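Chains, contacts and geometry: an overview
The residues making up each chain are set out below.
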Amino acid sequence: FLLQYGLCATLQQLHWFSEAASVDTFVPRAYCIGHEDERMGFIADYRTTACLNILKWLTERFDTFGINGVAELHAEVAIKRAYQALHHIQQYIVSCCHDDLDTPVPTNLPDYEWDGLLQAHYKIVHHNKRIKIASPNQLESLVEDCRSALKRMVPYWPQLSMDGLRNIWIVKPGAQSRGRGIFMMNYLEEILSLVQSPLIHETKYVVQKYMERPLLIYNTKFDIRQWFLITDWNPLHIWVYRESYLRFCSQEYDLNDNNEAIHLSNNAIQCKYLNGARSDELPEENMWDCYQFQEYLRCRGEGQVWEDVIYPGMRDALIATMLAAQVEMDSFKHGFELFGADFMLTEDLKPWLIEINSSPCMAATTSVTRRMCAQCLQDVVKV
């Protein structure tokens, strides 16, 4: 149940069980794309994200490279597409503020215009194309309007900073684990083609927004495996383990390469690869325990962030998720179940829940898990 598909469906009901937690503030956006309404929600999300990407691309490149980094007189991308993206975001903000209740419903872009807008996004973000402008003043005014819209969007799009520019999504089979069957995709047409293929029509897929701007350690991606124990669902009894461990990818982070060795830190994936050219400070076995990570944070001058931000954030996310899940679970007395939750951190060191696995692997695959898994199982029996 608590694999990708069940977790995605459960968290959509979180608002009924927790007033303090909004799912968009601790879980990357996800959709059970096999359902028609979910698929339409995903398409709307993808389009809005693409518009935000265009606005961020304009402002960031203009600040870094100036006019020549963004536009040229004979570019193949019409400036019309940037205005369309800006207008969509402005209308989104108006709807979130409920300022549109007494105004006529704005005309939505027809599908063929959305196709053109997405093609423009692909060209400028993936192929480094420029925008065609009539004058520098026109561009400067557009950039300022984009900057203002992005600033106003922050309260209504909590994942804005971690979304990046490339609109990458993780496509996951709904009942698999250990990174099996996962695709990284950034073209809407390809995602829809995959999940609607008659060859895999019966597979329940989840699409989840990829965190394009995670915290990196020595330019390498990692996640955190956090165990927790449920001893009763009603009333809910949840025990969050005090220790956890980090799993590193074997290759340095690179958004231009979708190789699984760069992006999927599961040990079952990484054990198939040799470590690439990385910092010598990274562990050969691609794992740290939480104490080694805390030492790394202390060297960065952030010694208290584990106790003050990261661990409490993981604990609160698990409590909120289990509150939403408990009505769907078979209640038991005098029993227990151990789960493994996977978290990633953004650059501000905030934890984000990626997935929860029932029956997590407790094998001694490295020196870190050899110690920690045995210790955790002993502590489960003590509880």
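The rules behind the values
- Residues numbered from 1 in each chain as written.
- Predicted model: local features only at pLDDT ≥ 70, side-chain atom pairs only at ≥ 80, totals over all residues.
- Heavy atoms only, no water.
- Helix = DSSP H or I, 4+ residues; strand = E, 2+ residues; numbered from the N terminus.
- Polar contact = N/O pair within 3.5 Å; in protein donor to acceptor, adjacent residues only side chain to side chain.
- Contact = heavy atoms within 4.5 Å.
- Salt bridge = Lys/Arg side-chain N within 4 Å of Asp/Glu carboxyl O.
- Buried < 20%, exposed > 50% of the residue type's maximum accessible area, 1.4 Å probe, protein only.
- Axes fitted to C-alpha atoms, helices over the stretch in contact; angles between N-to-C directions.
- Parallel < 35°, antiparallel > 145°, perpendicular 65-115°, else oblique.
- Nonpolar A, V, L, I, M, F, W, Y, C, P; charged D, E, K, R; others polar.
- Pairing = 2+ DSSP bridges.

On to the side chain of Gln159, then. Within the secondary structure, Gln159 is located in the loop between helix H5 (136-153) and strand S5 (169-173). Among the polar contacts listed, one links the side chain of Gln159 to the backbone oxygen of Asp24, at a separation of 3.0 Å. Those residues in contact with Gln159 that lie beyond four places of it in its chain are Asp24, Val27, Pro28, Arg29 and Trp352.

Moving on to the environment of Phe248. Here Phe248 lies in strand S9 (residues 236-248). Along the chain, Phe248 and Leu216 lie 32 residues apart, while their C-alpha atoms are 9.7 Å from each other. Once residues within four sequence positions are removed from consideration, Phe248 is found in contact with Ile217, Thr220, Lys221, Phe222, Ser265, Gln270, Arg278, Leu282, Pro283, Asn286, Met287 and Trp288.

With that out of the way, let us pick up the pattern of salt bridges. The final tally for this structure, using the stated rule, is 24 salt bridges. For Glu76, the salt bridge goes to Lys129, with nearest N and O atoms at 3.7 Å. Residue Glu76 is located in the loop between strand S2 (71-72) and strand S3 (77-78), and its partner Lys129 is located in the loop between helix H4 (111-126) and strand S4 (131-132); the two are separated by 53 residues in the primary sequence. On the accessibility criterion, Glu76 (51% relative accessible area) is exposed. On the basis of relative accessible area, Lys129 is assigned to the partly exposed category, the value being 32%. When the shortest N-O distance is used, the salt bridge between Asp379 and Lys382 registers 3.6 Å. Of this pair, Asp379 and Lys382 both sit in helix H11 (residues 367-382), three residues apart, roughly one helical turn. Here the salt bridges do not stand alone but share partners, grouping Asp223, Arg225, Arg247 and Asp342 into one network.

Turning our attention to unusual backbone geometry. Between Asn234 and Pro235 the backbone carries a cis peptide bond, its omega angle lying at 0 degrees. In this structure, Pro235 sits in the loop between strand S8 (222-233) and S9. Although it is not a glycine, Asn128 adopts a positive phi angle of roughly 60 degrees. Here Asn128 lies in the loop between H4 and S4. A relative accessible area of 42% means that Asn128 is categorised as partly exposed. The phi angle at Ser359 is positive, at roughly 50 degrees, despite the residue not being glycine. Inspection of the secondary structure assignment puts Ser359 in the loop between strand S12 (351-358) and H11.

This part covers the environment of Ile79. Looking at the element boundaries, Ile79 is found in helix H3 (residues 79-96). Distance from Ile79 to Leu139, taken between C-alpha atoms, is 8.8 Å for residues 60 residues apart in sequence. If near-sequence neighbours (up to four positions away) are discounted, Ile79 is found in contact with Ile131, Lys132, Ile133, Gln138 and Leu142.

Two elements in contact, H3 and H4, have axes separated by 10 Å at closest approach and are oriented at 110 degrees. Classed by the angle they form, the pair H3 and H4 counts as roughly perpendicular. Contact residues: H3 offers Lys80, Arg81, Gln84, Ala85 and His88, while H4 offers Glu113, Trp114, Gly116, Leu117 and Ala120. Here the contact of H3 with H4 is built from residues that sort into four nonpolar, three polar and three charged.

Further remarks concern the sheet that holds strand S11 (residues 337-345). With antiparallel pairing, the five strands of this open sheet are ordered in space as S10-S9-S8-S11-S12. With partners counted over all chains shown, the strands left at the sheet margins are strand S10 (287-289) and S12, one partner each. Averaged over all pairs of adjacent strands, the angle between their axes in this sheet comes to 30 degrees, without regard to strand direction. The pairing of S8 with S9 spans 10 bridges and is antiparallel. By the bridge assignment for S9, Gln226 is matched with Ser244. Packing against the sheet, helix H10 (residues 305-325) makes contact with S8, S9, S11 and S12, and its axis sits at approximately 130 degrees to S9. Along the sheet, H11 makes contact with S8, S9, S10 and S11, crossing S9 at roughly 175 degrees.

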